[in-house]
There are 2 protein chains.
Amino acid sequence: MGYSGGYKPPVNEDRLVFVLFIGSTKTSTIPGISIAGPTAEATLYTPTLDAEYLLAGKPLSLNIVPVSPEGVPTPAVVSRALLRLLGIPVLVVDSGAFLEPRIPHVALPSRRVGERIDKGRALPAGTAVRLFEEARLLGRTLARGLDVVVGESIPGGTTTAMAIMEALGFRARGRVSSAGPSNPHDLKVRVYEDGVKSSGLKVPERDPFRVVDAVGDPLHVSVAGFVAGAVEAGSHVILGGGTQMCAVLAILSRLGIELEGRVALATTSWLARDSSSDIEGLLSDVYPGIPLVVSGVDFDRSRFRGLRMYEEGYVKEGVGMGGLLAVARARGIPGDAVLEAVEEEYERVAGVAAEAGKA
Amino acid sequence: MGYSGGYKPPVNEDRLVFVLFIGSTKTSTIPGISIAGPTAEATLYTPTLDAEYLLAGKPLSLNIVPVSPEGVPTPAVVSRALLRLLGIPVLVVDSGAFLEPRIPHVALPSRRVGERIDKGRALPAGTAVRLFEEARLLGRTLARGLDVVVGESIPGGTTTAMAIMEALGFRARGRVSSAGPSNPHDLKVRVYEDGVKSSGLKVPERDPFRVVDAVGDPLHVSVAGFVAGAVEAGSHVILGGGTQMCAVLAILSRLGIELEGRVALATTSWLARDSSSDIEGLLSDVYPGIPLVVSGVDFDRSRFRGLRMYEEGYVKEGVGMGGLLAVARARGIPGDAVLEAVEEEYERVAGVAAEAGKA
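Residues numbered from 1 in each chain as written. Chains lettered and ligands numbered in written order. Predicted model: local features only at pLDDT ≥ 70, side-chain atom pairs only at ≥ 80, totals over all residues. Heavy atoms only, no water.

Enquirer: Outline the overall build of chain A, listing residues and values.
Expert: Each helix and strand counted, chain A has 13 helices and 7 strands in total. The principal-axis extents of the C-alpha atoms in chain A amount to approximately 50 × 45 × 40 Å. The buried share of chain A, reckoned over its 359 residues, is 65%. The centroid of the 37 positive side-chain charges in chain A is displaced by 3 Å from the centroid of its 41 negative side-chain charges. (Helix = DSSP H or I, 4+ residues; strand = E, 2+ residues; numbered from the N terminus. Buried < 20%, exposed > 50% of the residue type's maximum accessible area, 1.4 Å probe, protein only. Lys, Arg positive; Asp, Glu negative; His and termini not counted. Charge placed at Lys NZ, Arg CZ, Asp CG, Glu CD.)

Structure below.
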């Protein structure tokens, strides 16, 4: 487990808060786009189940544990173990989840599920800027005096992230990652191009709010607003995630918001070494100067097949995993202790899952 | 400005978060109960306007500034000035406000406006325990690694607080405070006694959830749940408020939740020296061993009549004022600097009010 280039995120580790943004885009229901759920339709429930599980220790809206069709646990299992190990507070922000989470959370007033971007407009005109401003107010008031790790859960998110970056004029096709071991780049590009056609967006378009309303989703622009507000409040921010966080930075870049020295992107080694995506290249294109922090923990030695599958390219990132691993590393917690905490949580969850299966 | 007995709240001042609970009880619309709004009906909007103003710098749902019929500013003006002066993050939690605030906030899933307690049951059976558990989960997850100052805004709250304490078997009649210079004790008692009759509650009743469902409101039990969760998470808590916070402690006391060394009640000198109420006596009855911290700042020297009226017994407490004054004092900020920050904010708000008056 280590940082690339020895870089350490400039956060005060004693006053961190983890903020998880959740949201849905019906783009995730396009067959082949997302494996973040047992079926394509079920991907719409995943963010809510992730958030409920992260806080309450079990999903509340449905009696299932969020797993892929192959039985690989959601990254929320890793993140929950890390949050408890690190003793970091957590707050969930709903930017437009399909299902309202049954846990205390912040619901942005303009939250809304994103439509399939291949079929027309993602959001009603004006939604993106409202989400941005609402999340910015949250960042400005909540992050004051604290530093922040931001995570996300939105199935289909790498597709809308790619669409946002492409439409803003960055080359993102073939460079975003995927939660599955095989990355459906061609499908993602087709969905994006259908979206441009059916929304009538003229690309490249430099206004990120127009882009998001047309071919985006509710989450990335909300995270961008939150980061803008947190930085205004004097905070340092770790974006914990993969190539999706590059879409957040692309939005902030086009808005001309100054982030240098205040924001880092922290991802997992599973994501960083994925040969089907290019987070380093994307990052230096969308926002040069933002450091990339890569942290890993070896799951190959795990007792559990579901966790070992992370090493085969399943999941890779999500629910802030990379950001929380970076904090664990910065606090000097050994990889073995992280693996142990994750296995303990996985064991408990597998028990919960078996129980649910019987019910 | 000083502490009573030199007591210093045992919080880590560098990692504080201020959590404002808002809620409504239609009890506030009983003529003569509350002056926390321009009319009795308008008191239902006050918590939402307080929260919006606290975060956004102006009320968003209505184009007015929350003021009493006499033109005295809401305590939110003082709290907003203090939060900015201290650089403390803030989060609003809605336990059942009449109007949904148009700012990012946590809405407890079981939130609900309380009914007039004199007319029947305050909340549908089972609501109180759900609010408690939801807020407890929030406390357990959000307060982890942080210390907390909790504030409240609920017009009519001293009446329901009195009712909760009385029904739990504590003598509270004649001892709770009031936001106005004359305290309608007899009316409060009549409302409570009508409530006991019409709800069918047998008093004293030791189960706080039964009591709150019958003659309480959504806020106090939610604050109690949050405190319980925060303490479980290892946090220290400052309850910033007046005699209402004694109802929170009465609930926690009856639940047998151990708070000693972890929780302090911090109020203002305006409240502490109010001869129409008895916070010290109430506190030692409902939860012996919880320290009372009294902090003041002299508004007599203010340029503004509206602020000088605080010295005549208007307002006294609310929106966490006493808790935030305690933090200011603990950080060694002189009273003059506090007054200056409050006056600056008051001047800005008075400008906003004048503008709104013209519109």
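Enquirer: I'd like to hear about the side chain of Thr43(A), residue by residue, with values.
Expert: Residues and elements named next belong to chain A. The topology assignment puts threonine 43 in the loop between β1 (16-23) and α1 (46-56). For threonine 43, a relative accessible area of 1% corresponds to the buried category. At 2.5 Å, the side chain of threonine 43 and the backbone oxygen of alanine 40 are in polar contact. Filtering out sequence-adjacent residues up to four positions away, threonine 43 remains in contact with Ser28, Thr29, Ser34, Ala36, Gly37 and Pro155. (Polar contact = N/O pair within 3.5 Å; in protein donor to acceptor, adjacent residues only side chain to side chain. Contact = heavy atoms within 4.5 Å.)

Enquirer: Kindly report on the interface of chain B and chain A, identifying the contributing residues and their values.
Expert: Listed per partner, the contact involves 27 residues of chain B and 27 residues of chain A. Both faces combined, the contact of chain B with chain A buries some 2200 Å², and carbon together with sulfur accounts for 67% of it. It is Pro104(B), Leu137(B) and Arg144(B) in chain B that bury the most area against chain A; as a group they hold 27% of the surface buried on that side. Where chain B touches chain A, the interface holds 0 salt bridges. Those elements that provide at least two residues to the side of chain B that touches chain A are α1 (46-56), α2 (75-86), β2 (90-96), β3 (106-107) and α3 (127-142) of chain B. No other element matches α3(B), which puts 5 residues into the side of chain B that touches chain A. Across the side of chain B that touches chain A, the residue classes tally to 17 nonpolar, 4 polar and 6 charged. (Buried area = accessible area lost by both parts, 1.4 Å probe. Salt bridge = Lys/Arg side-chain N within 4 Å of Asp/Glu carboxyl O. Nonpolar A, V, L, I, M, F, W, Y, C, P; charged D, E, K, R; others polar.)

Enquirer: Can you tell me about helix α12 (residues 321-330) of chain A, naming the residues and giving the values?
Expert: Because an α-helix packs 3.6 residues into every turn, residues spaced three or four apart end up facing the same way. Residue and element names in this part refer to chain A. Among the 10 residues that make up α12, 8 are buried, leaving the element largely enclosed by the rest of the structure. Every buried residue of α12 is accounted for by Met321, Gly322, Gly323, Leu324, Leu325, Ala326, Val327 and Ala328. Just downstream of α12, glycine 332 is the residue with a positive phi angle, here 75°.

Enquirer: A description of the relation of the copies chain B and chain A should follow, citing residues and the corresponding values.
Expert: Mapping chain B onto chain A calls for a rotation angle of 180° and an axial translation of 0.0 Å; the resulting RMSD is 0.0 Å. These values place the two chain copies in the arrangement generated by a two-fold rotation axis. Relative to the rotation axis, the closest C-alpha in chain B is found at Val106(B), a distance of 2.1 Å. (Least-squares fit on C-alpha atoms with pLDDT ≥ 70 in both.)

Enquirer: Break down the packing of helix α3 (residues 127-142) of chain A against helix α6 (residues 208-215) of chain A for me, with residues and values.
Expert: Residue and element names in this part refer to chain A. Between α3 and α6, the least distance of the axes is 7 Å, while the angle of their chain directions is 115°. Along its contact with α3, which presents Thr127, Ala128, Val129 and Phe132, the element α6 presents Phe209, Val212 and Asp213. Here the residues of the contact of α3 with α6 sort into 5 nonpolar, 1 polar and 1 charged. (Axes fitted to C-alpha atoms, helices over the stretch in contact; angles between N-to-C directions.)

Enquirer: Outline unusual backbone geometry, listing residues and values.
Expert: Residue and element names in this part refer to chain A. For the peptide bond that leads from valine 203 to proline 204, omega is -10°, which places it in the cis range. When you line up the elements, proline 204 lands in the loop between α5 (185-199) and α6. Here the phi dihedral of valine 319 falls at roughly 55°; this positive angle occurs in a residue that is not glycine. Using a relative accessible area of 2% as the deciding quantity, one classes valine 319 as buried.

Enquirer: Report on the packing of aromatic side chains, specifying residues and quantitative values.
Expert: Across all of its chains, the model carries 14 aromatic pairs over all chains by this definition. A centroid spacing of 5.4 Å and a plane angle of 65° characterise the contact between Phe21(A) and Phe226(A), whose relative ring orientation is edge-to-face. In this pair, Phe21(A) sits in strand β1 while Phe226(A) sits in helix α7 (residues 218-232), placing the two residues 205 residues apart along the sequence. On the basis of relative accessible area, Phe21(A) is assigned to the buried category, the value being 0%. The exposure class assigned to Phe226(A) is buried, which follows from its relative accessible area of 0%. For the ring pair Phe304(A) and Tyr346(A), a centre distance of 4.9 Å and an interplane angle of 50° mean the geometry is tilted. Separated by 42 residues along the polypeptide, Phe304(A) in the loop between β7 (292-295) and α11 (305-308) and Tyr346(A) in helix α13 (residues 335-358) bring together distant segments of the chain. What links up through ring pairs into an aromatic cluster is the set Trp270(A), Phe299(A) and Tyr310(A). For Arg80(B), the ring lying beneath its charged end belongs to Tyr53(B), and the centroid distance is 5.8 Å. (Phe/Tyr/Trp six-rings, centres within 6.5 Å; stacked < 30°, edge-to-face > 60°. Lys NZ or Arg CZ within 6 Å of the ring centre and 35° of its normal.)

Enquirer: Talk me through the packing of α1(B) against α2(B); I want residue IDs and the actual numbers.
Expert: When two helices pack together, their arrangement is given by the angle between their axes and by how far apart the axes lie. Residue and element names in this part refer to chain B. In the contact formed by α1 and α2, the axes pass within 9 Å of each other and the chain directions differ by 25°. Considering their axes alone, α1 and α2 lie roughly parallel with respect to each other. Handedness of the crossing formed by α1 with α2: right-handed. Contact residues: Asp50, Tyr53, Leu54, Leu55 and Ala56 in α1; Ala76, Val77, Ser79, Arg80 and Leu83 in α2. (Parallel < 35°, antiparallel > 145°, perpendicular 65-115°, else oblique. Left-handed = near helix turned anticlockwise from the far one by under 90°.)

Enquirer: An account of helix α2 (residues 75-86) of chain A is needed here, citing residue identities and associated values.
Expert: All names here are of chain A. With 12 residues, α2 ought to run about 16 Å at 1.5 Å a step, and its terminal C-alpha atoms sit 16 Å apart, in line with that. For α2, the tally of buried residues reaches 10 of 12 residues, placing the bulk of the element in the interior. All of the buried residues along α2 are Pro75, Ala76, Val77, Val78, Ser79, Arg80, Ala81, Leu82, Leu83 and Leu86. Two or three places before alanine 76, at the opening of α2, threonine 74 has a side-chain oxygen 2.9 Å from that residue's backbone nitrogen. Count one or two residues on from α2 and you reach glycine 87, which has phi positive near 65°. (Expected span 1.5 Å × (residues − 1).)

Enquirer: Describe in detail the pairing of strand β6 (residues 263-268) of chain A, supporting the description with residues and values.
Expert: Residues and elements named next belong to chain A. Counting buried residues along β6, 6 of its 6 residues qualify, which places the element largely inside the surrounding structure. Of the two faces of β6, both are covered, the one formed by Val263, Leu265 and Thr267 as well as the one formed by Ala264, Ala266 and Thr268. Here strand β5 (residues 237-240) runs beside β6; their pairing, made up of 4 bridges, is parallel. Bridged to isoleucine 238 within β6 is alanine 264. Read from β5 through helix α8 (residues 244-254) to β6, the crossover connection turns out right-handed. In terms of strand pairing, β6 meets β7 through 4 bridges, oriented parallel. (Pairing = 2+ DSSP bridges. Right-handed = clockwise from strand over helix to strand, strands pointing away.)

Enquirer: Can you tell me about the nonpolar core, naming the residues and giving the values?
Expert: Counting residues in each nonpolar core, the largest one holds 150 residues, and the members touching the most others are Met165(A), Leu239(A), Leu249(A), Met165(B), Leu239(B) and Leu249(B). In this structure Met165(A) touches Phe170(A), Ala172(A), Val176(A), Thr243(A), Cys246(A), Ala247(A), Ala250(A), Leu282(A) and Val286(A), once residues within four positions along its chain are discounted. (Core = buried A, V, L, I, M, F, W, Y, C linked by side-chain atoms within 4.5 Å.)

Enquirer: So what's going on with the side chain of Ser110(A)? Residues and values would help.
Expert: Residue and element names in this part refer to chain A. Tracing the backbone shows serine 110 in the loop between β3 (106-107) and α3. Assessed through its relative accessible area of 12%, serine 110 is described here as buried. Of the polar contacts made by the side chain of serine 110, one reaches the side chain of arginine 130; its length is 3.2 Å. What serine 110 contacts, discounting residues up to four positions off in sequence, is Thr127, Arg130, Leu131 and Glu134.

Enquirer: Give me the pattern of salt bridges: which residues, what numbers.
Expert: Residues and elements named next belong to chain A. Applying the stated criterion across every chain yields a total of 37 salt bridges over all chains. Notably, a salt bridge pairs arginine 140 with glutamate 232, separated by 3.1 Å at the nearest N-O pair. Placement of arginine 140 in helix α3 and of glutamate 232 in helix α7 is noted, with a sequence separation of 92 residues between them. Classification of arginine 140 as partly exposed rests on a relative accessible area of 33%. Since its relative accessible area comes to 41%, glutamate 232 is described here as partly exposed. With its nearest N and O atoms 2.9 Å apart, the salt bridge here joins glutamate 312 to arginine 305. Owing to a relative accessible area of 42%, glutamate 312 belongs among the partly exposed residues under this scheme. Through salt bridges that share partners, Glu133, Arg136, Arg140 and Glu232 make up one connected network.

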